[in-house]
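Observations on the model geometry
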Amino acid sequence: MIGRGDALVLAACAALIAASFVLLAPRAGVARSALVETSRGERRELALDRDARLAFVGRRGLTTVEVRDRQARILDSACEQKLCLRAGWLVRAGESSACLPNGVTLRLLGADPDYDALTL
Amino acid sequence: MKRALPLAALALAACTPPLPEHRVQLYALHTLVEVTVLEPDPARARDQLAAVEAALRTAERRYAAWGNGELARANAALAARGEAAVSAELAAALRDARALGERSGWSFDPGIGRMVELWGFHRDQPSPTRPPDPAALAALVARAPSLSDLTIDGGALATANPALWIDLGAYAKGAAVDATLAALRAHGARDALVAAAGDLCALGRRGLRAWRVGIRDPAAGGVLGSLALGDGECVSTSGDYERAFEWQGARYHHLLVPRSGRPTVGLRSVTVVATRGALADAAATAGMVLGTADAVALRALGVVAVLAVRADGTLEVSRAMRSQLTLGDRTRALREVP
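This report concerns the structure included in the present document.

**Some words on the interface of chain B and chain A**
Contact with chain B, which involves 35 residues of that partner, is made by 28 residues of chain A. Three residues, B:Tyr27, B:Arg212 and B:Arg216, lead the burial of chain B against chain A; their summed loss comes to 26% of the area buried on that side. Seen at the junction of chain B and chain A, the total is five salt bridges. The shortest N-O distance in the salt bridge between B:Arg23 and A:Glu37 comes to 3.3 Å.

Set out below in structure tokens:
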């Protein structure tokens, strides 16, 4: 026989479990950090809570990556067409931008990214 | 009890830890290839990624149309003597490409390598800065080079058209991704995503959900939406923004209409979903040449899921594509086509 007190405890436990799913589950699409990779083997994860402007050495020269207000973008790159600049600010986990001629890529990481890959 | 079973399955699934993700970036076939494998055994994951790289390097050597590739050597021999001998694998790819060309009404035609060369789009660098001499282009168009000019008998190639130069640029990346999927399967991979710039194929799932691929927006930059890819499905995007230059106020890009030798008009990009990468690659290019997402035109290729971005930024989406596509901006002007 379940008493009134037991029922209250059970209900509280159930509420706590339900709340943990909402509060502790990774938020879909929220970016945790920015990952820069180069064809020269360099791999660097940048925190998004610290604004920064960093240059990476690629095959043809420098690619500059900027982090500002929890967003990241390729600011400039040693390539002709500058397609990587067209991607603009990356905001959501899974978004990426690449300067293929210079061999430098930028991608936002997160627990449940919106995209696993992007068509170019 | 019956009601409890799905709940129990859901609870168990929620408890299953996600498979470790192994990811590698490679530069192959003049582009960036990103491979993601979900695999519990790190040693097996290493073998799978090594097999992917081997498959890509093989494809690179086989399909390069200029320089030192097998296809480049065959092209040179065809131009000099009208015949060439190739491996069984390259012969099979050429037979496949020719069949796709025929079914597309030759809107996909890999026989126009000389035109690509005349425009200067055959090499990575330097990018062309002006269109070719109109008389030279007209003379080449008059010789009507096409893969239909090629006969394939076993590994023996022959042609009577010396203007034929085979460029598998709208086929090779898709075929290479197909080869990587075969290599992954052969090495026991169940869940993987291979992305070679505009050509992507999925194997299995990403945990509890399908693999998700973002489609780049050629008009506004950023991402226009995402596609959920099923097991074995491939997506390919062909766009006018990949390689282009401006000359006297006009913009010229690398996707040429085989019959005119001039860049396609009307669409900024075409994205298709198909059951294999080579088919998706060829169909996306055919869509750019045809200038419509109307899948009726592509149905002969067996492709029904098509998305096109028109020059004015509006979208054309086939009914089959609509069910797989999630648009980022739901208010965007969209026209549904058959």
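**Quick look at the packing of aromatic side chains**
Residues and elements named next belong to chain B. Here the structure, examined in full by the defined rule, presents seven aromatic pairs over all chains. Ring centres 6.5 Å apart and planes at 85 degrees place the aromatic pair Tyr 63 and Tyr 171 in the edge-to-face group. One end of the pair, Tyr 63, is in helix α2 (residues 42-63); the other, Tyr 171, is in the loop between β5 (156-159) and α7 (172-186), with 108 residues separating them in the sequence. Residue classification places Tyr 171 among the buried residues on the basis of a relative accessible area of 4%. Taking 6.3 Å as the distance between ring centres and 15 degrees as the angle between the ring planes, the aromatic pair formed by Trp 119 and Phe 121 counts as stacked. Summarising the burial analysis for this pair, Trp 119 and Phe 121 share the class buried.

**What to know about the side chain of B:Arg216**
Following the sequence through the fold, B:Arg216 ends up in strand β8 (residues 211-216). The side chain of B:Arg216 sits in the buried core without any salt bridge; B:Glu34 is the nearest counter-charge, 7.7 Å away. Here A:Ser96 takes part through its backbone oxygen, which lies 3.2 Å from a polar atom of the side chain of B:Arg216. Here the side chain of B:Arg216 touches A:Thr119 through a polar contact of 3.2 Å, landing on its backbone oxygen. Those residues within four positions of B:Arg216 in sequence are excluded, and the remaining contacts are A:Ala87, A:Ser96, A:Ser97, A:Leu118, A:Thr119, A:Leu120, B:Gly222, B:Val223 and B:Leu224.

**Overview of the side chain of B:His253**
Residues and elements named next belong to chain B. Counting through the fold element by element, His 253 comes out in strand β12 (residues 250-253). Residue classification places His 253 among the buried positions, given a relative accessible area of 4%. Engagement of the side chain of His 253 in a polar contact is seen with the backbone nitrogen of Leu 255, the distance being 3.2 Å. In terms of polar contacts, His 253 uses its side chain to reach the backbone carbonyl oxygen of Thr 264, at 2.9 Å.

**Points about the sheet that holds strand β4 (residues 62-68) of chain A**
Residues and elements named next belong to chain A. Pairing is antiparallel across the open sheet formed by three strands, whose spatial order is β3-β4-β5. In the strand order of this sheet, the two ends are held by β3 (52-57) and β5 (71-77), each with one partner. Recorded for the sheet is a direction-independent mean angle of 25 degrees between the axes of neighbouring strands. When β4 meets β5, the two strands line up antiparallel, connected through six bridges. Among the inter-strand pairings, Thr 64 is bridged to a residue of β5, identified as Asp 76.

**Describing the pattern of salt bridges**
Enumeration according to the criterion identifies 24 salt bridges over all chains in this entry. Salt-bridge contacts for A:Arg53 lead to A:Glu66; the nearest nitrogen and oxygen are separated by 3.3 Å. In this pair, A:Arg53 sits in strand β3 while A:Glu66 sits in strand β4, placing the two residues 13 residues apart along the sequence. Among the residues examined, A:Arg53 registers a relative accessible area of 55% and is labelled exposed. You can call A:Glu66 buried: its relative accessible area is 5%. Overlapping salt bridges, with partners in common, bring together A:Asp112, A:Asp116, B:Glu21, B:Arg206, B:Arg209 and B:Arg212 in one network.

**What to know about the packing of α2(B) against α7(B)**
Residues and elements named next belong to chain B. Close contact between α2 and α7 brings their axes to 8 Å; oriented N to C, the two are set at 150 degrees. Considered as vectors, α2 and α7 are oriented roughly antiparallel to each other. Note on packing geometry: the crossing formed by α2 with α7 is right-handed. Along its contact with α2, which presents Gln 48, Ala 51, Val 52, Ala 55, Leu 56, Ala 59 and Tyr 63, the element α7 presents Ala 172, Ala 175, Ala 176, Ala 179, Thr 180, Ala 183 and Leu 184. Across the contact of α2 with α7, the residue classes tally to twelve nonpolar, two polar and no charged.

**Overview of the state of the cysteines**
Applying the stated criterion to the full structure yields one disulfide over all chains. A disulfide bridge connects B:Cys201 with B:Cys234, and the sulfur atoms are separated by 2.1 Å. Handedness here is read from the sign of the S-S torsion; for B:Cys201 and B:Cys234, about 105 degrees, the answer is right-handed. Here B:Cys234 lies in strand β10 (residues 234-239) and B:Cys201 lies in strand β7 (residues 199-203), a separation of 33 residues in the sequence. Residue classification places B:Cys234 among the buried residues on the basis of a relative accessible area of 1%. Free of any disulfide, A:Cys84 has its nearest cysteine sulfur in A:Cys79, 4.2 Å distant. For A:Cys84, a relative accessible area of 3% translates into the label buried. Of all cysteine sulfurs in the structure, the one in A:Cys79 sits closest to A:Cys99, which takes part in no disulfide; the separation is 3.4 Å. By relative accessible area, A:Cys99 is classed as buried at 1%.

**A closer look at the sheet that holds strand β7 (residues 104-109) of chain A**
Residue and element names in this part refer to chain A. Strand order in the open sheet formed by four strands is β2-β1-β7-β6, and the pairing between neighbours is antiparallel. Strands at the two margins of the open sheet, each flanked by one partner only, are β2 (43-47) and β6 (96-99). Averaged over neighbouring strand pairs, the angle between their axes works out to 15 degrees when direction is ignored. Pairing geometry for strand β1 (residues 33-38) and β7, over six bridges, is antiparallel. Counterpart to Glu 37 in the pairing with β7 is Thr 105.

Criteria and cut-off values
- Residues numbered from 1 in each chain as written.
- Chains lettered and ligands numbered in written order.
- Predicted model: local features only at pLDDT ≥ 70, side-chain atom pairs only at ≥ 80, totals over all residues.
- Heavy atoms only, no water.
- Contact = heavy atoms within 4.5 Å.
- Buried area = accessible area lost by both parts, 1.4 Å probe.
- Salt bridge = Lys/Arg side-chain N within 4 Å of Asp/Glu carboxyl O.
- Phe/Tyr/Trp six-rings, centres within 6.5 Å; stacked < 30°, edge-to-face > 60°.
- Helix = DSSP H or I, 4+ residues; strand = E, 2+ residues; numbered from the N terminus.
- Buried < 20%, exposed > 50% of the residue type's maximum accessible area, 1.4 Å probe, protein only.
- Lys, Arg positive; Asp, Glu negative; His and termini not counted.
- Polar contact = N/O pair within 3.5 Å; in protein donor to acceptor, adjacent residues only side chain to side chain.
- Pairing = 2+ DSSP bridges.
- Axes fitted to C-alpha atoms, helices over the stretch in contact; angles between N-to-C directions.
- Parallel < 35°, antiparallel > 145°, perpendicular 65-115°, else oblique.
- Left-handed = near helix turned anticlockwise from the far one by under 90°.
- Nonpolar A, V, L, I, M, F, W, Y, C, P; charged D, E, K, R; others polar.
- Disulfide = S-S within 2.5 Å.

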